[in-house]
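Survey of secondary and tertiary structure
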Amino acid sequence: MPIPDTAFHDVIIAGAGPVGLFLACELRLAGVSVLVLEQAEHPDTPLKALPFGLRGLSVPTVESLDRRDLLDDLKAHMARVETLVTAHWMQQKPSPGGHFAGIQFFRDQIDAARWAYRLPGPVGSIATDMASIEAVFARRAETLGVKIRRGCSFESFEESDASVIVHAGGEAFEGHWLVGCDGGRSAVRKASGIGFTGTDPEFTGYSAQVVLANPDALKPGRHYTPAGMYTFAAPGTIAMVNFDGGAFHRAEPSRDHIEAVLRKVSGVDISVIALEIAATWTDRAYQATAYRRGRVLLAGDSAHVHSPLGGQGLNLGLGDAMNLGWKLAATIRGDAPGDLLDTYASERQPIGAQILDWSRAQVALMRPSASSRALGAIIRDLVATGDGATYFAERVWGVGIRYDLGDRHLLVGRSAPDFELSDGSRTNELLRNGRGLLLDFRGRASLQAISDRWADRIAYVGVTTDESLGTDTVLVRPDGVIAWACEGQPSLDEIEQAAIRWFGQPESST
Ligand SMILES: Cc1cc2nc3c(=O)[nH]c(=O)nc-3n(C[C@H](O)[C@H](O)[C@H](O)COP(=O)(O)OP(=O)(O)OC[C@H]3O[C@@H](n4cnc5c(N)ncnc54)[C@H](O)[C@@H]3O)c2cc1C
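The structure reproduced in this document is the subject of the present report.

A word on the nonpolar core
Membership of the largest hydrophobic core comes to 64 residues, with the highest contact counts inside it found for Ile-13, Leu-27, Phe-137, Val-166, Leu-178, Val-179 and Leu-328. Other than its neighbours up to four places away in sequence, Phe-137 contacts Pro-18, Leu-21, Phe-22, Cys-25, Leu-65, Leu-70 and Leu-318. Counting residues in hydrophobic clusters, the runner-up holds 43 residues, among them Ile-103, Ile-110, Val-396 and Ile-482.

Next up, the structure:
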């Protein structure tokens, strides 16, 4: 099939879900051309809107959105979400901070001072919906010049030393790289031959909007029962978990089926008059055996799937995109150090594996067995302690995430604190152009001279701050991760080596 000239792009992304769109924005910000191929004709579906599209965004995600100036846009879309969440569990006193298998931990018991790598102050996670997040990302992507082809389903690809040819929607497109952001059943992953391994489901989960004959018979809220779990919000929003070994997943649930499962898990003689919407999901926990093969990379659900209980999958995928975007762009521009792209998998695969285990542990607590109930009672006691609440908040909010960058400094490998700087700016704002940062809290000319050699990739910021967490110099990667930090007088050679490690050779020598 002939390839039209206009079809060449640095990166072709399959899938315009949240991860594909966010990755496209990251790549464009870093100056490479991007084509996104999406199988669906239209972005909107009822499952992306409230109540089923509700998604909790963890602290690293909120920080990433702030670092790309997307938070205000998202909040503008969120008025309805706030109403819903405000009317729901966040209104409880004491204020819940989240949950583990439905066991809540409370904000007033969390001791955030133990997170010595974070600045003091409120820790923010927010709720949004899939429709809003995709709309905000799509608008930003289009503003940046990303091409999005909807109704164009990825079918196959061929790879050569220099490029990939992608067949999609009956056309062929050529690019340097192909990234599969096409969800849990990823056609890109399958076509690449990358393995997908993990644990099989124990249950089928259902999200359904129904009309009930006797809604008063069901108690609102979340309930664990001898047969599974259900949540109910009047008049007819239901989520439920039926421990059937995942047997019903991907089948089309009928009204009769939903009624039967609801009766089973709730133990209530409930009558479903009409079924308006229904979707199924499972606790299948699988991860790609590699995140890259040749010119093909995977991000988001195409690289990992797990139970949505605990709400981590979107956050995990957006973390992949933030990590991959600048590294792939630097590789395409030719200024990346040789192994930079490999660090995408070495940093993100362990984080993915931890999240899969976190979801498996919750399933173990939810099983309708006496032993799981007994274990749940112990976890409930632990969560009620200050140590327990702080531990669960650190895991659920994602504040403890750290990449092993081989440096023992407390901050290295972690998300950069949003330092308030003496010129009125903040770290997150300074990262919005997608470049790295050298923060020099003592404003030394020698450091500026070093940094200026990477002026196209690193911005030097010589300012003071009232609270620097004991650091004097901090090198921040474009994804907001601290690459190197030092207290006291830094060795200029060390700074130079750190800059070469993450940003490649300086301008003069490339
Ligand atoms: C009920 C439920 C609740 C959840 N709650 C949360 C939560 O609170 N917090 C959280 O972090 N996560 C949550 N998740 C998980 C989260 O929704 C997913 O992890 C996230 O949507 C993954 O994004 P993605 O872009 O990787 O994949 P997807 O959202 O699946 O997007 C993939 C895109 O690729 C497209 N596509 C598929 N095949 C092709 C093809 N062949 N060619 C081109 N395009 C293709 C699809 O149409 C789609 O647009 C929840 C999930 C469910 C089911």
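Right, picking up where we left off after that structure.
Focus: the pattern of salt bridges
For the coordinates displayed, the defined rule picks out 28 salt bridges. Among the ionic pairs, Arg-263 bridges to Asp-269, the shortest N-O distance being 3.7 Å. For Arg-263, a relative accessible area of 32% puts it in the partly exposed group. Owing to a relative accessible area of 59%, Asp-269 belongs among the exposed residues under this scheme. Here Asp-479 ties to Arg-477 by a salt bridge, and the two come within 2.8 Å at their closest N and O atoms. We note that Asp-479, like Arg-477, is buried. Because the salt bridges share partners, they merge into one network encompassing Asp-66, Asp-69, Asp-418, Arg-426, Glu-429 and Arg-432.

Notes on a nonpolar patch on the surface
A cluster of nonpolar side chains, contributed by Leu-375, Ile-378 and Leu-382, occupies part of the molecular surface with about 270 Å² of accessible area. For Ile-378, the location among the structural elements is in helix H10 (residues 370–383). The class for Ile-378 is partly exposed, based on a relative accessible area of 49%.

Considerations on helix H5 (residues 130–144)
Counted at 1.5 Å a residue, the expected span for H5 with its 15 residues is 21 Å, and the 21 Å between its end C-alpha atoms agrees. Listed in full, the buried residues belonging to H5 are Met-130, Ser-132, Ile-133, Glu-134, Val-136, Phe-137, Ala-138 and Ala-141. Following H5 by one or two positions, Gly-145 adopts a phi angle in the positive range, close to 100 degrees.

Some thoughts on unusual backbone geometry
Along the chain, Leu-50 connects to Pro-51 via a cis peptide bond; the corresponding omega equals 5 degrees. With an omega of 5 degrees, the peptide bond running from Ala-234 to Pro-235 counts as cis. One can find Pro-235 in the loop between strand S14 (228–233) and strand S15 (237–242). Of note in the backbone geometry, Asp-69 takes a positive phi value of approximately 55 degrees without being a glycine. On the secondary structure map, Asp-69 appears in the loop between helix H2 (59–67) and helix H3 (71–76).

Quick notes on the sheet that holds strand S11 (residues 196–199)
Taken together, the 3 strands give an open sheet; going across it, the order is S11-S17-S20, and neighbouring strands pair in antiparallel fashion. Two strands close off the open sheet at either side, each with one partner strand: S11 and strand S20 (304–305). In this sheet, strand S17 (residues 285–288) lies alongside S11 in antiparallel orientation, the contact comprising 4 bridges. In the strand pairing of S17, Gly-198 is matched with Tyr-286.

A few points about the packing of aromatic side chains
On inspection of all chains with the given rule, the structure shows 15 aromatic pairs. Ring centres 6.2 Å apart and planes at 75 degrees place the aromatic pair Trp-115 and Trp-397 in the edge-to-face group. Of the two residues, Trp-115 sits in the loop between strand S5 (103–106) and strand S6 (126–129) while Trp-397 sits in helix H11 (residues 386–397), which places them 282 residues apart along the sequence. Trp-397 carries the same exposure label as Trp-115, and that label is buried. Between the NZ or CZ atom of Arg-284 and the centre of the ring of Tyr-286, over which it lies, the distance is 4.2 Å. We note Arg-414 situated over the ring of Tyr-117; from NZ or CZ to the ring centre the distance is 3.8 Å.

So, how was this worked out
- Residues numbered from 1 in each chain as written.
- Predicted model: local features only at pLDDT ≥ 70, side-chain atom pairs only at ≥ 80, totals over all residues.
- Heavy atoms only, no water.
- Core = buried A, V, L, I, M, F, W, Y, C linked by side-chain atoms within 4.5 Å.
- Buried < 20%, exposed > 50% of the residue type's maximum accessible area, 1.4 Å probe, protein only.
- Contact = heavy atoms within 4.5 Å.
- Salt bridge = Lys/Arg side-chain N within 4 Å of Asp/Glu carboxyl O.
- Patch = residues over 30% accessible without salt bridge, like charges linked within 9 Å, V, L, I, M, F, W, Y side chains within 5 Å.
- Areas by Shrake-Rupley, 256 points an atom, 1.4 Å probe, with all protein chains shown as cover.
- Helix = DSSP H or I, 4+ residues; strand = E, 2+ residues; numbered from the N terminus.
- Expected span 1.5 Å × (residues − 1).
- Pairing = 2+ DSSP bridges.
- Phe/Tyr/Trp six-rings, centres within 6.5 Å; stacked < 30°, edge-to-face > 60°.
- Lys NZ or Arg CZ within 6 Å of the ring centre and 35° of its normal.

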